[in-house]
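What follows is the residue order along each chain.
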Amino acid sequence: MTQVTFQGNPVTLSGPFPQPGSPAPGFTLCCAELSDMYLESLRGKKVLLNIFPSIDTPVCADSVRTFNQQASGLENVVVLCISADLPFAMGLFCATEGLWTVRPASFFRHPEFAQAYGVSISAGALRGLAARATLVIDEQGIVIHAQLVQEITDEPDYEAALKALQ
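Below or above, wherever it landed, is the structure these notes cover.

**Observations concerning helix 1 (residues 58-71)**
Between its first and last C-alpha, helix 1 extends 20 Å over 14 residues, near the 20 Å set by a 1.5 Å rise per residue. Among the residues making up helix 1, those that are buried are Val59, Cys60, Ala61, Ser63, Val64, Thr66, Phe67, Asn68 and Ala71. Looking at the packing, one finds that the buried side of helix 1 touches strand 5 (46-51), strand 6 (77-83), helix 2 (87-97), strand 7 (102-106), strand 9 (133-137) and helix 4 (158-165).

Below, the structure written as structure tokens:
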């Protein structure tokens, strides 16, 4: 089992975290309009997965804003901002903030996503949420960048994720 920390305290995660060079696990997520989204439907594009605990925290919100701004000029790229938050809350946040480059996606109906991507917090106060991570999947469905942020309250390495998209 993998461990990260939350405010310096150990947090155990369930599932294998995908590594560069491996096929990205398939997934189903729920979009803002409550329809299902599948990884297979994004084949042919580079996909950035910005995974975080909740849009209602400053670091999570900042990551969505940053990826929206920095990825806005990239061609053939989809940026998914993923948490267990309800799609309504994530969609409202993005609409209120004017964030149109990123796509909010929720695993509230599909908790197996967090397990498949090795970010499932399996115990403690944050049980049921996801640890912070970024992954970039190439056009053929292969992971080309993967960062599991070691301290959940830290921001991801934006530069490394964005470099993998180019």
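**Some remarks on the sheet that holds strand 10 (residues 143-148)**
Taken in spatial order, the 7 strands make up an open sheet running 4-3-7-6-5-9-10, and their pairing is mixed. Of all the strands in the sheet, the pair left with one neighbour each is strand 4 (36-38) and strand 10. Between one strand and the next, the sheet's axes are offset by a mean angle of 30°, whatever the strand orientation. Pairing geometry for strand 6 and strand 7, over 5 bridges, is parallel. Of the residues in strand 7, the one forming a bridge with serine 83 is serine 106.

**Let's talk about the environment of valine 77**
Inspection of the secondary structure assignment puts valine 77 in strand 6. Of the residues examined, valine 77 reaches a relative accessible area of 19% and is grouped as buried. Between the C-alpha atom of valine 77 and that of valine 47, which follows or precedes it by 30 residues, the distance is 5.8 Å. Not counting residues up to four positions away in its chain, the partners in contact with valine 77 are Lys46 and Leu165.

**Quick notes on the packing of aromatic side chains**
Counted according to the given criterion, the structure contains 5 aromatic pairs. Note on phenylalanine 67 and tyrosine 158: the rings are 5.1 Å apart at their centroids and 70° apart in plane angle, and the pair reads as edge-to-face. In this pair, phenylalanine 67 is assigned in helix 1 and tyrosine 158 in helix 4, connecting sequence segments 91 residues apart. The pair formed by phenylalanine 67 and tyrosine 158 is uniform in burial state, with each residue classed as buried. With a centroid separation of 4.8 Å and 25° between ring planes, the pair formed by phenylalanine 113 and tyrosine 117 is classed as stacked. Side by side, phenylalanine 113 and tyrosine 117 carry an identical accessibility label, which is buried. In textbook terms, an aromatic cluster arises when at least three aromatic residues are bridged by ring pairs, as seen for Phe27, Phe107, Phe113 and Tyr117.

**Some points on the packing of helix 1 against helix 4**
The N-to-C vectors of helix 1 and helix 4 enclose an angle of 35°; their axes lie 11 Å apart at closest approach. The hand of the helix 1/helix 4 crossing is right-handed. Where helix 1 abuts helix 4, its residues Asp62, Ser63, Thr66, Phe67, Gln70 and Ala71 lie against Tyr158, Ala161 and Leu162. Looking at the contact of helix 1 with helix 4, its residues break down into 5 nonpolar, 3 polar and 1 charged.

Calculation notes
Residue numbering note: each chain is counted from 1, following its sequence as written. Whole-chain, interface and lining totals are the exception, using all residues; otherwise, since this is a predicted model, local features are given only for residues with pLDDT of at least 70 and side-chain atom pairs are given and counted only at 80 or more. To obtain the side-chain values, all non-hydrogen atoms of the structure were included, while hydrogens and water were left out. Secondary structure elements are defined from DSSP: runs of H or I of at least 4 residues count as helices, runs of E of at least 2 residues count as strands, and each element is numbered from the N terminus. The span expected for a helix works out to 1.5 Å for each residue beyond the first. Relative accessibility under 20% of the residue-type maximum defines a buried residue, over 50% an exposed one, and the middle range a partly exposed one, all with a 1.4 Å probe and only protein chains included. The contact definition used throughout considers only heavy atoms, calling two residues in contact when any of these lie within 4.5 Å. By the convention used here, strands pair only if DSSP detects at least 2 bridges between them. All axes here are fitted lines through C-alpha atoms, helices being fitted over the stretch that makes contact, and every angle between N-to-C directions spans 0 to 180 degrees. Working definition: a ring pair exists when centres of Phe, Tyr or Trp rings (six-membered ring for Trp) sit within 6.5 Å. Plane angles under 30 degrees give stacked, over 60 give edge-to-face, the rest tilted. Note on convention: the crossing is left-handed when the near helix lies turned anticlockwise from the far helix by less than a right angle, right-handed when the turn is clockwise. Each residue receives one of three labels: charged for Asp, Glu, Lys and Arg, nonpolar for Ala, Val, Leu, Ile, Met, Phe, Trp, Tyr, Cys and Pro, and polar for the others, Gly being one of them.

Purely geometric numbers; function is a separate question.
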